[in-house]
Structures are given as C-alpha cells and as structure tokens.
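# Examination of the molecular architecture
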Amino acid sequence: MSGLLAGKRLLITGVLTDQSIAFSTAKLAQEAGAEVVLTGFGRLSLVERTAKRLPKPVPVIELDVSSKEHLDGLADKVREHVDGLDGVVHSIGFAPQSCLGGGFMDAPWEDVATAVQVSTYSYPALAKACAPLMAPGSGIVGLTFDATVAWPVYDWMGVAKAGLESANRYLALHLGKDGIRSNLVAAGPLRTMAAKSIPGFEQFEEEWTKRAPIKWDLYDTEPAAKAILALLSDWFPATTGEIIHVDGGFHAIGA
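To keep things clear, this report deals only with the structure shown in the data block. (Residues numbered from 1 in each chain as written. Predicted model: local features only at pLDDT ≥ 70, side-chain atom pairs only at ≥ 80, totals over all residues. Heavy atoms only, no water.)

### What about the overall build of the protein?
Rules: Helical segments are the DSSP runs of H or I of at least four residues, strand segments are the runs of E of at least two, and each set is numbered from the N terminus. Only C-alpha atoms enter the radius of gyration, while the globule expectation follows 2.2 Å times N to the 0.38, with N the number of residues. Each residue's exposure class comes from its accessible area (1.4 Å probe, protein chains only) as a fraction of the maximum for that residue type: buried when under 20%, exposed when over 50%, partly exposed otherwise. Whether two residues are in contact is decided by their heavy atoms, any of which lying within 4.5 Å being enough. Only four residue types enter the tally: Lys and Arg on the positive side, Asp and Glu on the negative side; His and the chain ends are excluded. Lysine's charge is taken at NZ, arginine's at CZ, aspartate's at CG and glutamate's at CD.
Scanning the protein from N- to C-terminus turns up 8 helices and 7 strands. For 255 residues, the compact-globule estimate of 2.2 N^0.38 gives 18 Å, and the protein sits close to it at 17 Å. With the C-alpha coordinates aligned to their principal axes, the bounding extent of the protein is approximately 45 × 40 × 40 Å. Expressed as a percentage of the 255 residues in the protein, the buried residues total 53%. Taking all contacts inside the protein whose residues are at least 6 apart in sequence as the whole, residues at least 24 apart take part in 76%. Across the protein, the centroid of the 22 positively charged side chains sits 4 Å from that of the 29 negatively charged ones.

Shown next as structure tokens:
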C-alpha cells in the first residue's frame, strides 16, 4: 500500500487498543503515506499509550461526539496539527447494557436514545464538524455491522446501525454537492473491545467461522482497515452512499 495515501491528511476516531479496526487503519494509513490525527474520549490516557505503538507519533484530540461544545471546536483543534482533511474515519459506537444481550423489549428510552445518539447521530454530526476542513475529493467512512437483518443479542445496536446505514445515504446526498463522499464498511465479527462488551457475541463468531466462504479470522482487523483506506484513496472517486462488506462473503450466503 506504499504511497496509496501519500499527502493525505486523515482524522481517525475510535482508537482504544491495538486490537481495534481504527488502530489498524491508522497504522496502515501511515505506512501508505498519510498524516494521521486521532481522537479519543474517556480513557484518553489509554488512547495515547496505544498511539505510541503506531509507526510514527500522532496527535490525540479529545472528542466526545455527544458534546456540542466538542464538535463545534473540533475543526480548530484539528487545524493545530494539519491545515485540512482529506478523510475522516468514524469508528464510534456505544449502547448501554440494557440495549444488548436479549433485552430488546425492556430497554428504556433513555438508554436507547444514548445508543442512537452515539452510534448513529454522531456520524452526520462528525461530518458536519469536519466539513469546513474538507475539499472536493475527500471522504468520510464509517463502520457498520450488516443491519439488513435482525441479529440475536445485538438488539438496539442493530437498530442504531440501521439508522447509521440510512444516515450514510443521506450524507452522500447532502455532501455530494461539495464533492465529499460518504461510505460504510460492514465488517464481520472481530475480537475487539466493542465486541467483548456484547453478551452472547460469540454466537456471531461461531456462525461466521462455519459459513463464510472465505476463511474468517476473528483477530485480523487489517482487511476492514484496508477497505476503509481504499475508500479514502483516489481509487474510488465516484463511489458514495455505498456499503462495502468485508466479512468473508458471509452476507451473500443463505442459511
């Protein structure tokens, strides 16, 4: 991938540990010639420690996507490190425990609202915050988990991901006039921190290892990261509103 992203400036959210898709994305982006800025929230010291494992030093900006103040000030904070952005990676999702693990019918609205705000609304909110830094030809890429069907134990996060996929299409519509692309990568199950927080997530893992036509590695985040970076490169100049599946082909196979 050497040179694929030469001269590109990327903002990557969601790096927490080196097991995350976001970390692989940042690592491969640097190796492909990009300049990277990270964001983190909550466990910021952990994000900073993880960032030190990247090939090159990177700045880390604190960003709570549920905070209007943080979003309104994001562009100025990014400008302290780079003079613009060619790509933004949205790798953010959260749902309270009541919204996962089979309690779909019992989750209170307050918890559902949190899941939707952080996992769905934050995508267009982040795009709006970064738009002043982005020129024609740039793009934003988010991460989803195929929301065309209902998954056991995924519950309200599945609903939030369905909203994210719809928001992606509307972002493609509204950002298109500015030449900015919006796409999603639908990755298969991976042993990330986010997956470990979902009760019963091993059900997905078992099915994927049985049914995916191409062998699915639960620990390999690089295929998803490579798809993200390909979408942010100059090789997909006319692709927007799309969902690229990186799941070993599982989505194409019937039960």
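### Notes on the packing of helix α4 (residues 109-130) against helix α5 (residues 155-175)
Here is the rule: The axes used here are C-alpha line fits, helices contributing only the stretch in contact, and every angle between their N-to-C directions lies in the interval 0 to 180 degrees. For classification purposes, angles smaller than 35 degrees are called roughly parallel, those larger than 145 roughly antiparallel, those between 65 and 115 roughly perpendicular, and all remaining angles oblique. Two helices cross in a left-handed way if the nearer one is turned anticlockwise from the farther one by less than a right angle. They cross in a right-handed way if the turn is clockwise. Put simply, Ala, Val, Leu, Ile, Met, Phe, Trp, Tyr, Cys and Pro go in the nonpolar bin, Asp, Glu, Lys and Arg in the charged bin, and everything else, Gly too, in the polar bin.
Remark: α4 packs on α5, axes separated minimally by 9 Å, with the N-to-C direction vectors making an angle of 20°. Between α4 and α5, the angle falls in the class roughly parallel. Both α4 and α5 take part in a crossing whose hand is right-handed. Contact residues: Val112, Ala115, Ser119, Thr120, Tyr123, Pro124 and Ala127 in α4; Trp156, Met157, Ala160, Gly163, Leu164, Ala167, Asn168, Leu171 and Leu175 in α5. For the contact of α4 with α5, the class distribution of residues is 12 nonpolar, 4 polar and no charged.

### Topic: unusual backbone geometry
Unusually for a residue other than glycine, valine 153 sits at a positive phi of about 70°. Classification of valine 153 as buried rests on a relative accessible area of 10%. At aspartate 155, a position not held by glycine, the phi torsion is positive, near 45°. Position of aspartate 155 relative to the elements: it lies in helix α5. By relative accessible area, aspartate 155 is classed as buried at 15%.

### What about the pattern of salt bridges?
Where we set the bar: When a carboxyl oxygen of Asp or Glu is within 4 Å of a side-chain nitrogen of Lys or Arg, the pair counts as a salt bridge.
Within this structure, the stated rule accounts for 8 salt bridges. Aspartate 234 is the salt-bridge partner of lysine 8, the closest N and O atoms lying 2.7 Å from each other. Separated by 226 residues along the polypeptide, lysine 8 in the segment before β1 (9-12) and aspartate 234 in the loop between α8 (222-232) and β7 (242-246) bring together distant segments of the chain. A residue is classified by how much of its surface remains accessible, and lysine 8, at 12% relative accessible area, is buried. The salt bridge partner of arginine 9 is aspartate 86, with a shortest N-O separation of 2.9 Å. In this pair, arginine 9 sits in strand β1 while aspartate 86 sits in strand β4 (residues 85-90), placing the two residues 77 residues apart along the sequence.

### Focus: the sheet that holds strand β6 (residues 181-187)
Quick reminder of the rule: At least two DSSP bridges between two strands are required for those strands to pair.
The strand order β3-β2-β1-β4-β5-β6-β7 describes an open sheet built from 7 strands, whose pairing is parallel. Edge positions in the sheet fall to β3 (60-62) and β7, since each has one partner strand and no second. With strand direction ignored, the average angle separating the axes of adjacent strands in the sheet is 20°. Inspection of the sheet shows β4 paired to strand β5 (residues 134-144) by 5 bridges, in the parallel sense. Each residue of the ladder has a partner; that of histidine 90, found in β5, is glycine 142. Strands β1, β4, β5 and β6 of the sheet are contacted by α4, whose axis makes an angle of about 170° with β4.

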